[in-house]
Amino acid sequence: MTARAGRASPELERQLVSSPDNTPSVQGDREMQQGIMELMWRTSHMSGGNAHYVEALYEQYLVDPNAVPDEWRNYFDRLPRPEGSASYDVPLGPIREQFYQLGQNQRTTHAAAPVDNEESRKQVRVLQLINAYRFRGHQKADIDPLNLRSQNPVPDLDLSFHQLSKADLDTEFQTGSLFLGKDKAPLKEIVEALEHTYCRSIGCEFMHIVNTDEKRWLQQRFESVRSKPKFSDEVRKHLLERLTAAEGLESYLASKYPGTKRFGLEGGETFIPMMDELIQRSGGYGTKEVVIGMAHRGRLNLLVNILGKSPSELIEEFDGKKVIEQGSGDVKYHQGFSSNVMTPGGEVHLALAFNPSHLEIVSPVVEGSVRARQDRREDADGTLVLPINVHGDAAFAGQGVVMETFQMSQTRAYRTGGTVHIIINNQVGFTTSHPQDTRSTEYCTDIAKMVQAPIFHVNGDDPDAILHATQVALDYRQQFQKDVVIDLVCYRRRGHNEADEPSGTQPMMYQKIKDHPSSRALYAKRLAEDGVLSEDDTKALIDQYREDLMAGNHVANALVKEPNKSLFVDWTPYLGHEWTGNADTTVDMKRMQQLATRMCEIPDGVQTQRQVAKIYEDRRKMLAGGMAVNWGFAETLAYATLLDEGHPIRLTGQDSGRGTFSHRHAVVHNQKDGSTYVPLEHIRDGQPRFTIHDSFLSEEAVLAFEYGYATTVPNALIIWEAQFGDFFNGAQVVVDQFISSGETKWGRLCGLTMLLPHGYEGQGPEHSSARLERFLQLCAEHNMQVCVPTTPAQIFHLLRRQVIRPLRKPLVVMSPKSLLRHKEATSNLDELANGRFQMVLPDQGKLDPETVRRVILCSGKVYYDLTTYRTDNERDDTAIVRIEQLYPFPKEELFETLKAYANIEQVVWCQEEPLNQGAWYQSQHHMRMVADMLHEGLGQELKFAGRPASAAPAAGYMSVHVEQQRQLVNDAFNA
Ligand code: AMP
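Here goes a summary of the coordinates provided. Everything quoted here is computed from the prediction, not taken from an experiment. (Residues numbered from 1 in each chain as written. Predicted model: local features only at pLDDT ≥ 70, side-chain atom pairs only at ≥ 80, totals over all residues. Heavy atoms only, no water.)

### Let's talk about the site of the ligand
Part 1 of the argument: Every residue near the ligand is listed here: S338, H349, A351, R373, F568, V569, W571, L575, T711, G747, R748 and L749.
Part 2 of the argument: One of the side-chain N or O atoms of R373 is found 2.7 Å from an oxygen atom in the ligand.
Part 3 of the argument: In this structure, T711 approaches the ligand through a main-chain N or O atom, which is 3.0 Å from a nitrogen atom.
Part 4 of the argument: Summarising the interface, the protein chains cover 80% of the accessible area of the ligand, which totals 470 Å² for the free molecule.
Part 5 of the argument: Split into classes, the residues belonging to the shell around the ligand amount to 6 nonpolar, 4 polar and 2 charged. (Near = heavy atom within 4 Å. Polar contact = N/O pair within 3.5 Å; in protein donor to acceptor, adjacent residues only side chain to side chain. Areas by Shrake-Rupley, 256 points an atom, 1.4 Å probe, with all protein chains shown as cover. Nonpolar A, V, L, I, M, F, W, Y, C, P; charged D, E, K, R; others polar.)

This is how it looks when you write it as structure tokens:
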């Protein structure tokens, strides 16, 4: 193909290439052609020859993109490709035809009357107008029931902006890609369709999506029905019935318990029909489980009207009766719930997650729970388990974890096949509602655009529109496995809670609300006007609901009374166990060696990097008994044995595949092609799932996700590993609100393990401490385990104990850094096969117990510094005892250990952490008690050896670190 004669003027090339307006933003072949044509027309001096020139260039570009000048290539690159065209050699006849026509037109233009040209120009402008509605129609949409939203004029939606006028309204134009059901229509009809589709009760945002298929799919769903499908009378009656239920519950509670906090749904009642539809429709898709996360507002309503919580149970809670036998319990608007409902596709299990007052943090917990269920069902694309996260507008716009949760939505480790997000947008956050205070973004939902989620803003007073948006949202999620957002724009009839008087802070809003009829009343009126229901019918619905409530009947109409239990996990084997630190974690030596062999095998085709090859080579030596067992070997072998015994394992963290300190290398990267090989996935045929992922750089959402996962899968070992231990405090809310207190508040067991690298090695304030004191301060009622293992055999048995015991308690491990390679911190195969986790490690030296006058108690790496000092200084009068489990504190084991030393005069607690940190303040009373059991008064004499109190966890200078370390070890022996 040869370029034809003629060259575009430099000015033309400059305009075409440089102006962003020149890049057609429209999608599809036709729009692309029109975009190009428009560019031509805008350059009025352009001749037919120029058009030929561009056409020829384009043809050339199609054959060989490098054959055209850079700027032109850049321009053509940005043109959308015709559907299905991955390569350049597809026939692009229509485009060439378009160029040809253009050339013809241009020639004619020069020769003939200008009217044709003007028509064509207008045609392009009409297409631009259509596009403008798709982009910005939502800004003009009628989505606020209170009509308080400040709406600036949207010039792009005016005819005049596109150089069109009322005089053109009767002229017929091509409808382009507008789903109007015909190729041509008068402008009037086109504008009307656009106004109905994009500027009524639904404001759609989807033009930020780059995937053409998705965008076209969404356009079709809204445009083809003008965002208002015709629903049958039956469907609309059902909507009213659910709205009546939503309103009925709130008004019942308001009259029975005036002024009692319940975070009522009044003003956002359409949320209930929306949830009803989501669940019923997802059942139709074959979904088996739906997991829901939401904050307070509307929770009681959801519990009763959708999940089928018994109204009498709720009433008991209002009456202040204790409903759980053990633990602190929690307020009613934090409660989770589980039930089964019937849908067109069969029974669906519903789980509403328990959650704290900390808004938004429940969302990643829900995602984790969903992923666990999907993994259990081998549901890779997420069709069988659906996450629904319900948010408040202020929190959705304000909290960082929202961003983190979106960020995880398409990653390998955390994706769940798309989440349906619902914002109950009552346009005020507690008492904050001024647009200049609540956010800097236009909508509270703008963050969702980061993952190109479509967003539907819907007027909460239009149940028909809400039904449509809900259906499109779910269908989109099922079709594309991506997140989608419904912004239910509503209001809050009362204050933040029922004890608040909102007009003190929001006077204008509440003047409006006072006179605003409820969504139910408005819809009932509309149905009456449409002849669907009479006023009497509507009243009968209200009376029936009230009667059911008063009778204590279930009011969720799809509730299954005898639920199919196979839809969810049976937790009974894990319930009701008293605390024990003991478990038989031994392994048959022969089997263990077989597993270790498998664990060290790397197929021939996998070319291993030199240091990694050495690690595997060393592991083979450890297996053969030619080398002492190190941490990496023992830890990995613990996983292999657990997998062999049928326990799935999931390990995630910022560098988990390799390990922050390169000790694990559980994922081997092939140096030839970058592919990966994970030996632990090949332990035996039919083994359970072994999942290991490097996480994205989040702590908060990731830890919450793993908490959600671990509270859903009882038989698995679930581990989150911090890059450095102190980074967990980026997820402090997860530790405080879920890990440490979930069991006592909600009776939810959790066997999550946290590996937190900890140890004072001179790396400065931020990489030394995993803030042990924070965990110990949260410990009570046997809520979790805090351990500091110091040998490979100890981590081997600790990890095994965590799964083998039926007890499910969170395990916090202060895991080592330098100990990973310490020559003394080794074990042997026999200790692995036949040992157990020792909560207290007695002195390992060959001391005569009679001569021991001093016992140093310690945890962690400092033990090795202490033994070095003792050897160097021949201090045979001092025993060194390691407390490897700091909580639950092993009093009996410590007592049994110390009993051997009848002549103790001094007990010292030695820690690397400063006085105000580490275990000292939280654990000293346990140590004193044990010392007193040995000799009355000995406990009072317990001494501290450690760093002086400090605001920072550690010094930033190596010299200071070394001196402090020397001093504290010296103090332990001599203080
Ligand atoms: P779910 O699938 O989350 O709705 O849970 C179903 C049932 O399993 C619940 O009603 C509880 O009885 C039980 N269950 C679920 N998770 C836990 C947990 N983490 N601890 C104790 N019991 C649980």
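### Focus: helix α32 (residues 920–934)
Part 1 of the argument: Here α32 contains 15 residues, and its C-alpha end-to-end distance of 20 Å stays within 8% of the 21 Å for a straight helix at 1.5 Å per residue.
Part 2 of the argument: Those residues of α32 not exposed but buried are W920, S923, Q924, H926, M927, R928, V930, A931 and L934.
Part 3 of the argument: In this structure, the buried residues of α32 make contact with α27 (772–778), β20 (854–858), β22 (885–887), α31 (891–898), β23 (906–914) and β24 (943–947). (Helix = DSSP H or I, 4+ residues; strand = E, 2+ residues; numbered from the N terminus. Expected span 1.5 Å × (residues − 1). Buried < 20%, exposed > 50% of the residue type's maximum accessible area, 1.4 Å probe, protein only. Contact = heavy atoms within 4.5 Å.)

### Side note on the packing of aromatic side chains
Part 1 of the argument: For the coordinates displayed, the defined rule picks out 21 aromatic pairs.
Part 2 of the argument: Between W217 and F480, the aromatic rings sit 5.6 Å apart at their centres with planes inclined by 90°, giving edge-to-face as the arrangement. Residue W217 is located in helix α8 (residues 212–223), and its partner F480 is located in helix α17 (residues 463–480); the two are separated by 263 residues in the primary sequence.
Part 3 of the argument: These aromatic residues form a ring-pair network of at least three members: F354, Y707, F738 and W746.
Part 4 of the argument: Taking NZ or CZ as reference, R619 lies 5.2 Å from the ring centre of Y616, over its face.
Part 5 of the argument: A cation sits over an aromatic face here: R882 above Y863, 3.5 Å from the ring centre. (Phe/Tyr/Trp six-rings, centres within 6.5 Å; stacked < 30°, edge-to-face > 60°. Lys NZ or Arg CZ within 6 Å of the ring centre and 35° of its normal.)

### Points about the packing of helix α9 (residues 233–256) against helix α20 (residues 535–550)
Part 1 of the argument: Look at α9 against α20: their axes get within 9 Å of each other, and the N-to-C directions meet at 50°. Judged by the inter-axis angle, α9 sits oblique to α20. Where α9 crosses over α20, the two elements pack in a sense that is right-handed. Here L240, E241, T244, A245, G248, L249, S251, Y252 and S255 of α9 lie close against α20, whose contacting residues are T538, L541, I542, Y545, R546, L549 and M550.
Part 2 of the argument: Residue classes in the contact of α9 with α20 are distributed as 9 nonpolar, 5 polar and 2 charged. (Axes fitted to C-alpha atoms, helices over the stretch in contact; angles between N-to-C directions. Parallel < 35°, antiparallel > 145°, perpendicular 65-115°, else oblique. Left-handed = near helix turned anticlockwise from the far one by under 90°.)

### Points about the pattern of salt bridges
Part 1 of the argument: Counted according to the given criterion, the structure contains 53 salt bridges.
Part 2 of the argument: The salt bridge involving E205 is made with K449; its shortest N-O contact spans 2.7 Å. Of this pair, E205 sits in strand β3 (residues 202–205) while K449 sits in the loop between α16 (435–438) and β9 (455–459), and the two are 244 residues apart along the sequence.
Part 3 of the argument: The buried category is assigned to E205, whose relative accessible area is 4%.
Part 4 of the argument: Overall, K449 belongs to the partly exposed group, its relative accessible area being 30%. (Salt bridge = Lys/Arg side-chain N within 4 Å of Asp/Glu carboxyl O.)

### Regarding the sheet that holds strand β21 (residues 878–883)
Part 1 of the argument: Read across the open sheet, the 5 strands follow the order β19-β21-β20-β23-β24; overall the sheet is mixed. Every other strand in the sheet has two partners, leaving β19 (840–841) and β24 as the edge strands with one partner each.
Part 2 of the argument: Bridge count for β20 against β21 is 5 bridges, and the pairing is parallel. Within β21, the position partnered with R854 by the bridge is T878. (Pairing = 2+ DSSP bridges.)

### What to know about unusual backbone geometry
Peptide bonds are, in most cases, trans, and in most cases residues other than glycine have a negative phi.
Part 1 of the argument: Geometrically, the link from Y887 to P888 is a cis peptide bond, its omega value of -15° lying close to zero.
Part 2 of the argument: The topology assignment puts P888 in the loop between β22 and α31.
Part 3 of the argument: For S662, which is not a glycine, the phi torsion comes out positive at approximately 60°.
Part 4 of the argument: Inspection of the secondary structure assignment puts S662 in the loop between β11 (649–653) and β12 (668–669).
Part 5 of the argument: For S662, a relative accessible area of 22% corresponds to the partly exposed category.
Part 6 of the argument: Even without glycine at this site, E781 takes up a positive phi of about 55°.
Part 7 of the argument: Relative to the helices and strands, E781 resides in the loop between α27 and β17 (785–787).
Part 8 of the argument: For E781, a relative accessible area of 64% corresponds to the exposed category.

### Overview of the side chain of N305
Part 1 of the argument: By the element assignment, N305 lies in helix α11 (residues 299–305).
Part 2 of the argument: One polar contact links N305 to N301, side chain to side chain, over a distance of 2.5 Å.

### Some words on the pairing of β3
Part 1 of the argument: Neither face of β3 is open: one carries I202 and C204, the other G203 and E205, and all of them are buried.
Part 2 of the argument: As judged from the 4 bridges shared by β3 and β9, these two strands associate in the antiparallel manner. Residue pairing across strands places I202 opposite V458, the latter belonging to β9.

### Considering the pairing of strand β10 (residues 484–489)
Part 1 of the argument: Here β10 lies mainly inside the structure; 6 of its 6 residues are buried.
Part 2 of the argument: The two faces of β10 match: V484, I486 and L488 on one face and V485, D487 and V489 on the other face are all buried.
Part 3 of the argument: Alignment of strand β8 (residues 420–425) against β10, held across 6 bridges, turns out to be parallel. Each bridged residue has a counterpart across the sheet, and for N425 the counterpart in β10 is V489.
Part 4 of the argument: Pairing geometry for β9 and β10, over 5 bridges, is parallel. Among the inter-strand pairings, N459 is bridged to a residue of β10, identified as V489.
Part 5 of the argument: Chirality of the crossover, the property in question, places the unit of β9, α17 and β10 among those that are right-handed. (Right-handed = clockwise from strand over helix to strand, strands pointing away.)

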